[in-house]
Amino acid sequence: MKTSSPNPLARRRLIAAAAAALLTATGCAGRHRAEGTALSPGARAYLTAALDVMEGHSLFAADLDWPAIRREAFARAGRARVPADTYEAVRQALQALGDRHSRFMTPQEARQALSPEPGSSALPEARMLTGSLGYLSLPAVSSDLAATAFVQQARKAVAEIDGQGAAGWIVDLRSNTGGDMWGPLAAVGPVLGDGDVGAFVEADGKRTPWTIQSGTPRQYLTTWGPAAPLARTAPAVAVLTSSRTASAAEAVAIAFRGRPDTRSFGQSTRGVPTGNDSHSLPDSALILLTQAREADRAGRIHNGPLPPDEPIPDDTRDLGSSQDRTLEAAARWLRDRTPAKP
């Protein structure tokens, strides 16, 4: 699930459609009766509700041929009898949006995503490297529920490394394939620094900033509380990315773009720096719909893969090891800028 939901896309709010959406969809179905006559009334209403969500909220809604998308969706649904028979038509319609990020979750998949098994998300890893460099790896966070343990673990680790005299930091996003963006931002908040570090930009130009306050995304300050400040404020930072760095992780990478004394290393990211919002369908399936682009602190909107400042050939097998060329290149740069204390 894409975590970088704007505000009012800021939290992964679920738009409870339920009975109201079903009634609305049934009322709208008459406009598309010619395409949906082979479907049962319930299946037709369900598919119409899903298409209405897409047309009403997609980032690219104004650029798409909606009559054609609807015709194709109803044709693909064929003689659907129940909502589940339309799932493939919904998936194909989402692909037709062209954002490469929207997706559909069945009710079972949605339940698993919203209530993951305890311990299903990896936790951050931090250690001190030679030359008084702090290293912080931020893996993917599956949900808001998992984010709390993630933030607690990261803050404890960062405080320990900071206490050992870290003069610069390496933030590793290479294994983060997406999920929640706010947990990783809170985890790295003391290193990132306070202020507006990025923004969601909707199709109409409306911007919703990502504001870090006391080391925490502002909307989560009451949930996670302030982070302990670093002993060395505004340290130099190296950010590591790879082709696996995607979605929410790309938002975290964007938050570091334009930050003073910051440089990125590795490979270009996956290329989906966009914000999704969750829309619930009558059977509790979810449409995760792309509704905003992402901009850095300088206001630059990012489209497609984020290239690193210093490209390093991919070497997945040596990730985090002594033979990790990306990590070593970042460490060399940092050591030149932050000489170790005698």
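Look a little higher up for the structure.
To keep things clear, this report deals only with the structure shown in the data block. (Residues numbered from 1 in each chain as written. Predicted model: local features only at pLDDT ≥ 70, side-chain atom pairs only at ≥ 80, totals over all residues. Heavy atoms only, no water.)

Right, let's get into the pattern of salt bridges. Under the counting rule described, the total for this entry stands at 10 salt bridges. With its nearest N and O atoms 2.8 Å apart, the salt bridge here joins Asp172 to Arg174. (Salt bridge = Lys/Arg side-chain N within 4 Å of Asp/Glu carboxyl O.)

Taken as a whole, this structure holds seven aromatic pairs when the rule is applied. Relative to Tyr87, the ring of Tyr46 lies with its centre 6.2 Å away and its plane at 45°, an arrangement referred to as tilted. Residue Tyr46 is located in helix H3 (residues 41-57), and its partner Tyr87 is located in helix H5 (residues 87-96); the two are separated by 41 residues in the primary sequence. Owing to a relative accessible area of 12%, Tyr87 belongs among the buried residues under this scheme. When the ring of Phe200 is compared with that of Trp210, the centres are 5.2 Å apart and the planes differ by 70°; the resulting orientation is edge-to-face. Residue Phe200 is found in strand S6 (residues 195-202), and its partner Trp210 is found in strand S7 (residues 207-213); the two are separated by 10 residues along the sequence. This pair shows no difference in class: Phe200 is buried, exactly as Trp210 is. The ring of Tyr135 has Arg127 sitting right over it, with the charged end atom 4.3 Å from the ring centre. (Phe/Tyr/Trp six-rings, centres within 6.5 Å; stacked < 30°, edge-to-face > 60°. Helix = DSSP H or I, 4+ residues; strand = E, 2+ residues; numbered from the N terminus. Buried < 20%, exposed > 50% of the residue type's maximum accessible area, 1.4 Å probe, protein only. Lys NZ or Arg CZ within 6 Å of the ring centre and 35° of its normal.)

Considering the arrangement of structural elements, one finds Leu138 in the loop between strand S4 (133-137) and helix H7 (144-163). According to the relative accessible area criterion, Leu138 is buried, its value standing at 1%. Linking Leu138 and Ala249, residues 111 residues apart in sequence, is a C-alpha distance of 8.7 Å. Apart from the residues within four sequence positions on either side, Leu138 is in contact with Pro124, Phe150, Val171, Asp172, Leu173, Asn176, Pro184, Ala187 and Val188. (Contact = heavy atoms within 4.5 Å.)

All quantities given are derived from atomic positions and should not be read as evidence of function.
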